[in-house]
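# A look at the structure
Here's the letter readout for the chains.
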Amino acid sequence: MQMLPVANETADPTYAAIRAAVSASYSGALGSTRLPPLEVLAYLATAIGSLYREVAGAHEGPEGCPCGWEPCALMDVITMQQALAASALPNDDPRQTALLTMEPAGHA
Ligand SMILES: [Zn+2]
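These lines cover the structure that appears in this document, whether it is placed above or below.

The rules we used
- Residues numbered from 1 in each chain as written.
- Predicted model: local features only at pLDDT ≥ 70, side-chain atom pairs only at ≥ 80, totals over all residues.
- Heavy atoms only, no water.
- Helix = DSSP H or I, 4+ residues; strand = E, 2+ residues; numbered from the N terminus.
- Buried < 20%, exposed > 50% of the residue type's maximum accessible area, 1.4 Å probe, protein only.
- Areas by Shrake-Rupley, 256 points an atom, 1.4 Å probe, with all protein chains shown as cover.
- Donors = N, O, S within 2.8 Å, 3.2 Å for Na, K, Ca; no water.
- Patch = residues over 30% accessible without salt bridge, like charges linked within 9 Å, V, L, I, M, F, W, Y side chains within 5 Å.
- Salt bridge = Lys/Arg side-chain N within 4 Å of Asp/Glu carboxyl O.
- Phe/Tyr/Trp six-rings, centres within 6.5 Å; stacked < 30°, edge-to-face > 60°.
- Expected span 1.5 Å × (residues − 1).
- Arc of directions from axis to C-beta.

## Let's talk about the overall build of the protein
Of regular secondary structure, the protein possesses 4 helices and 0 strands. Walking the protein from its N terminus toward its C terminus, one meets helices and strands in the order α-α-α-α. For the protein, buried positions account for 14% of its 108 residues. Accessible surface for the protein amounts to roughly 7900 Å². Of this, 63% is attributable to carbon and sulfur atoms.

Given below as structure tokens:
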């Protein structure tokens, strides 16, 4: 299974830029909607999933992007879930370790 590196804001300018953009979206939605924080975060997660579907679709078929990435929705979603868990749960939380070592059922 592909493991994404754990982003480090101070060492990774790409992560820092994306986090700043997402943070601005969160703050804007929270302020304009007065939705509960978790509901706004769930919207952000939904947007990421939708973006994944769009990008994966652009890599499918003979007219797809030629970069070589071959989307695998189940494994890709697990990779994204693990990245979320790695950054959202405290490092010493045993649930983080459980999530990071989890393999999808039916895949060796
Ligand atoms: Zn591509």
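## Some thoughts on the coordination of the zinc ion
The zinc ion binds to the protein through His59 (NE2), Cys65 (SG) and Cys67 (SG), with metal-donor distances spanning 2.0 to 2.2 Å. Donor residues for the zinc ion sit on one chain with the sequence pattern H-x5-C-x1-C.

## Observations concerning a nonpolar patch on the surface
A cluster of nonpolar residues, Leu51, Val55 and Trp69, forms a patch on the protein surface that exposes about 240 Å² of accessible area. Secondary-structure assignment places Trp69 in the loop between α2 (37-57) and α3 (73-88). Residue Trp69 is classed as partly exposed on the basis of its relative accessible area, which comes to 32%.

## Structural notes on the packing of aromatic side chains
A complete count under the given rule lists 1 aromatic pair for this structure. Summarising the aromatic geometry, the rings of Tyr52 and Trp69 are spaced 6.1 Å apart at their centres and angled 80 degrees between planes, so their arrangement reads as edge-to-face. A residue pair is termed long-range when its members are at least 10 positions apart, and Tyr52 in helix α2 and Trp69 in the loop between α2 and α3 qualify at 17 residues. Tyr52 sits in the buried class, given a relative accessible area of 11%.

## Things to note about the pattern of salt bridges
Under the definition given, this model contains 1 salt bridge. Salt-bridge contacts for Glu60 lead to Arg53; the nearest nitrogen and oxygen are separated by 2.9 Å. The class of Glu60 is partly exposed, set by a relative accessible area of 43%.

## Side note on unusual backbone geometry
The residue Arg34 is not glycine, and still its phi comes out positive at about 60 degrees. Note on placement: Arg34 falls in the loop between α1 (13-33) and α2. Assessed through its relative accessible area of 76%, Arg34 is described here as exposed.

## Concerning α2
Along an α-helix, residues three or four positions apart point the same way, because every turn accommodates 3.6 residues. Here α2 spans 30 Å end to end across 21 residues, near enough to the 30 Å set by a 1.5 Å rise per residue. Among the residues of α2, those classed as buried are Val40, Tyr52 and Ala56. The arc that holds every buried residue of α2, seen down its axis, measures 160 degrees, which confines them to one face. Seen from the buried face of α2, the exposed residues on the opposite side, beyond 90 degrees, are Tyr43, Thr46 and Glu54.

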